[in-house]
2 protein chains.
Amino acid sequence: MSGVLLRAADLHGSVTDPGMESMNFLNEVVGRFPDAISFAPGRPYEGFFETSQVFDYLKAYTDYLERERGFTSAQVRTNIFQYGRTNGHIHDLIARTVSNDEGIEVSPQSVVVTVGCQEGMLLTLRALFAGPDDVLLVSSPCYVGITGTATVLDIPIHPVPEGPHGVDPAAVAAAAAEVRAQGKRPRAMYLVPDFANPSGSSMPVEAREELLRVAEQEDLLLLEDNPYGFFLREGNPRPTLKALDRAKRVIYLGSFAKTGFPGARVGYVLADQPVAALDGTVGVLADSLSKIKSMTTVNTAALSQAAIGGMLVLADCKLRDANAQAIDFYRTNLQTVLDQLEHHFPADVRASLGISWNAPEGGFFLVVKVPFPANDAALHRAAGDYGVLWTPMSYFHHDTAGDHQLRLSCSALDPDTIVEGMTRLARFIKDSSAA
Amino acid sequence: MSGVLLRAADLHGSVTDPGMESMNFLNEVVGRFPDAISFAPGRPYEGFFETSQVFDYLKAYTDYLERERGFTSAQVRTNIFQYGRTNGHIHDLIARTVSNDEGIEVSPQSVVVTVGCQEGMLLTLRALFAGPDDVLLVSSPCYVGITGTATVLDIPIHPVPEGPHGVDPAAVAAAAAEVRAQGKRPRAMYLVPDFANPSGSSMPVEAREELLRVAEQEDLLLLEDNPYGFFLREGNPRPTLKALDRAKRVIYLGSFAKTGFPGARVGYVLADQPVAALDGTVGVLADSLSKIKSMTTVNTAALSQAAIGGMLVLADCKLRDANAQAIDFYRTNLQTVLDQLEHHFPADVRASLGISWNAPEGGFFLVVKVPFPANDAALHRAAGDYGVLWTPMSYFHHDTAGDHQLRLSCSALDPDTIVEGMTRLARFIKDSSAA
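Residues numbered from 1 in each chain as written. Chains lettered and ligands numbered in written order. Predicted model: local features only at pLDDT ≥ 70, side-chain atom pairs only at ≥ 80, totals over all residues. Heavy atoms only, no water.

By the naming in an unreviewed UniProt entry, chain A is GntR family transcriptional regulator, taken from Actinokineospora globicatena. Regarding chain A, the UniProt comment filed under Cofactor (unreviewed entry) reads as follows: "pyridoxal 5'-phosphate". (UniProt positions renumbered as here; feature names shortened; annotations may be inferred.)

What follows is the structure, given as C-alpha cells:
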C-alpha cells in the first residue's frame, strides 16, 4: 500500500484560511529570532508567577471544599478526579467575583466555566448562529480568536469599523441595517469595550448606553469580551456593558488568563438570557451552552478549576484587589512605551516623518501608524536587522486599513527591556521611513 | 425595556437535538434517585484515587522537566503558568507510551494533546469534513460523543449496523457505496474496535485487517477510539487498527480518562497522515488540527498536562503495567455482572422470558435484551420502584434496533454493590417481563 495522502484543499476551509495562517508567520519569526525583544505577544508578565503557587491554590480549594462547603475527603477526591458538572463547579465563586469586581449580578446557574475564554466564544457562537443567514458583526480591527472561531463554524462575519473611541453605536446600527438589506439576520456584535485588542481603544460610558439601545432596536445580542478591564493607565474604571445591561442583551466573555494565569485555561461565559424551549418552558442560555459544551470538552478540567477556585478563595473573590501589583506593573509598562515614543519621536520629528500613535487609557496594546507598509517583510527586517518584534495590524483587519500600522504589546516585558526595545524599534521605524 | 427572550427554535439545531436531550433525562433521573444503584455511567471506579496523588504527579512532572529535560526553574514556571504550544507539551511522553503499550510508532510531532478525547473528536471531524456532502459513517449503536459532535458541526452521519463481532467490514463497504450513490463522499468511519461503548463488542484481528483494506479501497479514513482496550476480561490483547495500519488510514483517538483520571481532561489524537498544502509542501494532519485547536481551546491546560505527564513519568511510560490493579478490578466487575445474570436467569428461565445478553471479552459495558420496551418510562420505574439504574440502548441507535435493550455499565461500582444491584435489576426485569 502506498498510503494515504490528504490534500489541504479537501479539508475544512478553516485549515487553510489566511487569517489563521498569519499568526503562524509571527510564531515562526519569533522562533527564528529568539533574542529579539518582542512587542508581539499579549501574554501576561511571568515575574508574578511562582511554581509553588499552584500547589497553594489547589490546597486552598480543597480546604475550602472541606471547611466551608462541608465536603468529606471522598467528595473532595471525586471533585478533583472525576467527570464533573458540564458547566463547572466554581460557578458560584465566579458569580461572587464578578459581583464584587464589576457589579455584575448573575445567578451562578448563568455561569458557564469554559476552557479559556476561547471555548466560551466557540460555545456562544455555536448556540446563537443557527444557519448561513445568521451574521456576526465584529469590531474592525478585531481579535483573531473570534473571527477564527467564526471561520471554524462557517459563520459569516460583517466588520464594523472602530473609531478613535472604539465601537461607534451608529456604525453598528448601520451595519445591522446593511446585513438585513441583504436578507440576512444580524445576530450578535462582538466587541472589547475596554482597552481593545488590538486597537487599545475604549468606549465612553454614553456610547455603551447608546450601544445597548441599538442592540434593543436591532434585536442584536452583544458579546462583550473583557480580558483587560482591570488594567487602567489613567482615569477610573468604567461600567462594563453587562453591568449597564437591563435587557439581558449582553453575553459576557470572561478570562482568568490575565488576572490569574493562562496555564489553567479557565474562562467563563455569563449567559443569563431566558430561552423559551420548544415546549414553552423557559430556561437560561447557559443551559443551552451546556449541551454544546458536553460535545466540545465534556467539562473544564477539575484540576484547573480547583487552581483558579483556590486563587479566588484566597482573594476573597475580590480579584481586582488581588491584582493591585499587576495593575501597577502594566500601567508603568504602557506609560513607558508612550514616554519612549515621545522621546524618540518628538512632535516635529513625528510630523515630518508621518508617524502617529494612540494613547490608550489602559490595557496591553497600542497602535503606531507608520509611512511604510507594516507587512511580513517589514516584520522580518525588524526582527533580523534590529532585534525587535511587533504585530502587523493587517492581521486584524479584513481590508487594507491596517496596512501601515503596527501593534505594540507591552505586557510581557519589564520596563528596562521596554526602553531598550523601543530604542531598537525607533531605529527601525526611522530607517524604514527614510527609505 | 422588557428584555430579550430567545427562542430555542432560533438557536443552532444541536441545542434542541433529541440525541443530545436523552442524556439529560438520564442525568435527571440519577439526580432524583441518588440512592439507586447505577449501572448507567461509564466513569472509572474512584477507589483508586487519592487527592494527594495529584500533588505527587505534578511534582514528578516538574522534577522530570528539571532533571531529565534540563529546564531552569524559570522555564518550569513558564511551562506551568503560561500559554503553551498549541498541540501540547507532553506529546513526546505520549508517543513513548503508545509505543510501549500498543506498539504504535508515531513521531511526537503527530500527537495532538487535547482537552479529553472529546476535543480530539471535535478537531478531527472539523478538519476532515469540508462541507455538507462529506458524510461520517458510524457504528450503530454508537457512542453519543461522536454523533453529538457531528450534530454540533452540521456533519451528516450514516449508521453502519454492528454485528455480534462489532463492525463488519463488508457492511462498511456497502455503506460507503450507498453514500457515494447519493452523490456524497464517505469521508471517515468512526468505531471502537475493542469493547465498544455501548455494545461491548470487539472485532477479531482478521476483521481489523479486512477493514483496513476496505478503507483503502473506499478511500476512507478510520477514526479509532480506544478508551477501554486495556480492560480485558478474557483472552489476549488484540492489535489496535492503528498498530496494523501501514497506509496511515487510521486516526487514533486516545483518552486518559479511564487509564488516568477524568478530572484532568487530557486525551490525544495520533494524526500522522501526510497533508499536501496548497503550495505543494507536505505537512502532517496534526498540524492542521493545531490550527483548529488554536480556535477551540488555544492549548490544553498546562496544569492538566503536567498531572498526566507526571503520571506517565512515574509509570515509565508503561501505562498498561501501571493499570494492573484497575485491569483486575474491572475484569472482576464484568465477570460478576455476567455471573449474576446467569444466577438470576438460568437457561430455562431466560428462554421462557425471552431474555438474553452478550458476554463481552472486556471493557465496561454489556447489553441485555428484554421482552419489554426499555424506554424512559421503564427507566423511571426501575429507579423509583426497584432502586436500580441503567441506560436505554435506544439512546445509542438511530433506528428502533435498541428499543428492547438496556446497557449495563459495571465500571463505577464495587463487586458487592454489583451483586445487590443485579438482584434489584433481576426483580425489575422479571416483573416487567411478566407484566
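Caption draft 1: Inspection of the overall build of chain A at higher detail. When helices and strands are counted, chain A shows 16 helices and 16 strands. Relative to the globule expectation of 22 Å for 435 residues, the C-alpha radius of gyration of chain A, 22 Å, shows essentially globular dimensions. By the burial criterion, 61% of the 435 residues in chain A qualify as buried. Taking all contacts inside chain A whose residues are at least 6 apart in sequence as the whole, residues at least 24 apart take part in 74%. Accessible surface for chain A amounts to roughly 15200 Å². Of this, 50% is attributable to carbon and sulfur atoms. Considering chain A, the positive charge centre built from 36 side chains and the negative charge centre built from 51 side chains are found 3 Å apart. (Helix = DSSP H or I, 4+ residues; strand = E, 2+ residues; numbered from the N terminus. Rg over C-alpha atoms; globule rule 2.2 N^0.38 Å. Buried < 20%, exposed > 50% of the residue type's maximum accessible area, 1.4 Å probe, protein only. Contact = heavy atoms within 4.5 Å. Areas by Shrake-Rupley, 256 points an atom, 1.4 Å probe, with all protein chains shown as cover. Lys, Arg positive; Asp, Glu negative; His and termini not counted. Charge placed at Lys NZ, Arg CZ, Asp CG, Glu CD.)

Caption draft 2: Just the side chain of B:Thr149, in detail. Position of B:Thr149 among the secondary structure elements: in helix 6 (residues 144-152). Looking at B:Thr149, the relative accessible area reads 0%, which means it is buried. Within the structure, the side chain of B:Thr149 is placed 2.6 Å from the backbone oxygen of B:Gly145, a separation counted as a polar contact. Discounting residues that sit within four places of it in the chain, B:Thr149 has contacts with A:Met295, B:Gln118, B:Met121, B:Leu122 and B:Leu125. (Polar contact = N/O pair within 3.5 Å; in protein donor to acceptor, adjacent residues only side chain to side chain.)

Caption draft 3: Expanded view of the domain arrangement of chain A. All names here are of chain A. Along its sequence, chain A is carved into domain 1 (12-41 + 324-434) and domain 2 (55-319). Measuring from the centre of the C-alpha atoms in domain 1 to the corresponding centre in domain 2 gives 28 Å. Taken together, the contact pairs 28 residues of domain 1 with 26 residues of domain 2. Counting each side, the surface lost to burial between domain 1 and domain 2 is near 2300 Å², with a carbon and sulfur contribution of 61%. (Domains from an automatic or database assignment. Buried area = accessible area lost by both parts, 1.4 Å probe.)

Caption draft 4: Quick look at the sheet that holds strand 11 (residues 282-284) of chain B. Strand order in the open sheet formed by 3 strands is 1(A)-10(B)-11(B), and the pairing between neighbours is mixed. Since the sheet does not close on itself, it has two edges, and those belong to strand 1 (6-7) of chain A together with strand 11 of chain B, each with one partner. Against the sheet, helix 10 (residues 285-296) of chain B touches strand 1 of chain A together with strand 10 (274-276) and strand 11 of chain B, its axis set at about 70 degrees to strand 11 of chain B. (Pairing = 2+ DSSP bridges. Axes fitted to C-alpha atoms, helices over the stretch in contact; angles between N-to-C directions.)

Caption draft 5: Spatial organisation of the packing of helix 5 (residues 116-128) of chain B against helix 10 of chain B. Residues and elements named next belong to chain B. The N-to-C vectors of helix 5 and helix 10 enclose an angle of 110 degrees; their axes lie 9 Å apart at closest approach. The orientation of helix 5 with respect to helix 10, classified from their angle, is roughly perpendicular. In the packing of helix 5 onto helix 10, the handedness of the crossing is right-handed. Counted together, Glu119, Leu122, Leu123, Thr124, Arg126, Ala127 and Leu128 of helix 5 and Leu285, Leu289, Ile292, Lys293 and Thr296 of helix 10 form the full contact between these two elements. (Parallel < 35°, antiparallel > 145°, perpendicular 65-115°, else oblique. Left-handed = near helix turned anticlockwise from the far one by under 90°.)

Caption draft 6: Quick look at the packing of aromatic side chains. Evaluated as defined, the whole model comprises 47 aromatic pairs over all chains. Summarising the aromatic geometry, the rings of A:Phe364 and A:Phe365 are spaced 6.2 Å apart at their centres and angled 55 degrees between planes, so their arrangement reads as tilted. With respect to class, A:Phe364 is no different from A:Phe365; both count as buried. Aromatic pair B:Phe345 and B:Trp357: ring centres 6.4 Å apart, planes at 55 degrees, arrangement tilted. In this pair, B:Phe345 is assigned in the loop between helix 13 (324-344) and helix 14 (347-353) and B:Trp357 in strand 12 (residues 356-357), connecting sequence segments 12 residues apart. (Phe/Tyr/Trp six-rings, centres within 6.5 Å; stacked < 30°, edge-to-face > 60°.)

Caption draft 7: Structural context of the UniProt feature "domain: Aminotransferase class I/classII large" (unreviewed entry) in chain A. As annotated in UniProt, the feature "domain: Aminotransferase class I/classII large" (unreviewed entry) corresponds to residues 78-424 of chain A in the numbering used here. For the annotated span residues 78-424 of chain A, helix accounts for 42% and strand for 17% of the residues, and the straight-line distance between the end C-alpha atoms is 53 Å.

Caption draft 8: Broad picture of helix 13 of chain B. All names here are of chain B. The terminal C-alpha atoms of helix 13, which comprises 21 residues, lie 30 Å apart, in line with the 30 Å expected from a rise of 1.5 Å per residue. Considered for burial, the residues of helix 13 that qualify are Ala326, Ile327, Phe329, Tyr330, Asn333, Leu334, Thr336, Val337, Leu338, Gln340, Leu341 and His344. Tucked inside the fold, the buried residues of helix 13 contact helix 12 (319-322), helix 14, strand 12, strand 13 (365-369), strand 16 (405-409) and helix 16 (415-434). (Expected span 1.5 Å × (residues − 1).)

Caption draft 9: Layout of the interface of chain A and chain B. Between chain A and chain B, the contact holds 92 residues from the first and 92 residues from the second. Summing both sides of the interface, chain A and chain B together bury roughly 7900 Å²; the carbon and sulfur share of this comes to 67%. At the junction of chain A and chain B, the tally comes to 4 salt bridges. A:Asp10 is the partner of B:Arg185 in a salt bridge, and the nearest nitrogen-oxygen pair spans 3.2 Å. In this structure, the connection of chain A to chain B is made through 42 residue pairs in polar contact (both at pLDDT 80 or more). (Salt bridge = Lys/Arg side-chain N within 4 Å of Asp/Glu carboxyl O.)

Caption draft 10: Layout of the relation of the copies chain A and chain B. Rotating chain A by 180 degrees and translating it 0.0 Å along the rotation axis places it on chain B, where the RMSD comes to 0.0 Å. A rotation of that kind, with that shift, is consistent with a two-fold axis. Most of the interface of chain A is mirrored in chain B, where 100% of its interface residues again form contacts. (Least-squares fit on C-alpha atoms with pLDDT ≥ 70 in both.)

Caption draft 11: Layout of the sheet that holds strand 1 (residues 6-7) of chain B. Judged by pairing direction, the sheet is mixed, and its 3 strands sit side by side in the order 11(A)-10(A)-1(B) without closing on themselves. Each end of this open sheet is capped by a strand with a single partner; those strands are strand 11 (282-284) of chain A together with strand 1 of chain B. Note that strand 10 (residues 274-276) of chain A and strand 1 of chain B share 2 bridges and pair parallel. Of the residues in strand 1 of chain B, the one forming a bridge with A:Ala276 is B:Arg7. This element, helix 10 (residues 285-296) of chain A, spans strand 10 and strand 11 of chain A together with strand 1 of chain B of the sheet and lies at about 70 degrees to strand 11 of chain A.

Caption draft 12: Molecular detail of helix 6 of chain B. Residues and elements named next belong to chain B. Counting buried positions over the 9 residues of helix 6 gives 8, a clear majority of the element. Listing the buried residues of helix 6 in full gives Val144, Gly145, Ile146, Thr147, Gly148, Thr149, Ala150 and Val152. Looking one or two residues beyond helix 6, the residue adopting positive phi is Asp154, at roughly 55 degrees.

Caption draft 13: Seen up close, the packing of helix 2 (residues 51-67) of chain B against helix 3 (residues 73-81) of chain B. Residue and element names in this part refer to chain B. Two elements in contact, helix 2 and helix 3, have axes separated by 10 Å at closest approach and are oriented at 135 degrees. Judged by the inter-axis angle, helix 2 sits oblique to helix 3. Between helix 2 and helix 3 lies a crossing of right-handed hand. Here helix 2 contributes Tyr61, Thr62, Leu65 and Glu66 to the contact with helix 3, which in turn contributes Ser73, Val76, Asn79 and Ile80. By residue class, the composition of the contact of helix 2 with helix 3 is 4 nonpolar, 3 polar and 1 charged. (Nonpolar A, V, L, I, M, F, W, Y, C, P; charged D, E, K, R; others polar.)

Caption draft 14: Looking closely at the nonpolar core. Of all hydrophobic cores here, the largest spans 93 residues; its most connected members are A:Phe256, A:Phe261, A:Ile308, B:Phe256, B:Phe261, B:Ile308 and B:Leu312. A total of 7 residues in this core trace back to one element, the largest contributor, which is helix 2 of chain B. Apart from residues no more than four positions distant in its own chain, B:Phe256 is found in contact with B:Ile94, B:Phe261, B:Val266, B:Tyr268, B:Ile308, B:Met311, B:Leu312 and B:Leu319. Counting residues in hydrophobic clusters, the runner-up holds 80 residues, among them A:Ala8, A:Met20, A:Leu221 and B:Ile155. (Core = buried A, V, L, I, M, F, W, Y, C linked by side-chain atoms within 4.5 Å.)

Caption draft 15: Focus on the environment of A:Asn87. All names here are of chain A. Along the chain, the position of Asn87 falls in the loop between helix 3 (73-81) and helix 4 (91-102). Judged by its relative accessible area of 3%, Asn87 falls in the buried class. When the C-alpha positions of Asn87 and Pro392 are compared, they lie 37 Å apart, and in sequence the two are 305 residues distant. Residues contacting Asn87, with those up to four places away along its chain left out, are Val111, Val112, Val113, Ala286, Asp287, Ser290 and Lys293.

Caption draft 16: Structural view of the pattern of salt bridges. With the rule as written, the count across this model stands at 42 salt bridges over all chains. Between A:Asp154 and B:Arg126 there is a salt bridge, with its nearest N and O atoms 3.7 Å apart. Here the residue A:Asp154 occupies a position in the loop between helix 6 (144-152) and strand 5 (157-161), and B:Arg126 occupies one in helix 5, the pair thus bridging two chains. With a shortest N-O distance of 2.9 Å, B:Asp328 and B:Arg331 are connected by a salt bridge. In this pair, B:Asp328 and B:Arg331 both sit in helix 13, 3 residues apart, roughly one turn of the helix. On the accessibility criterion, B:Asp328 (44% relative accessible area) is partly exposed. When its relative accessible area of 31% is taken as the criterion, B:Arg331 is described as partly exposed.

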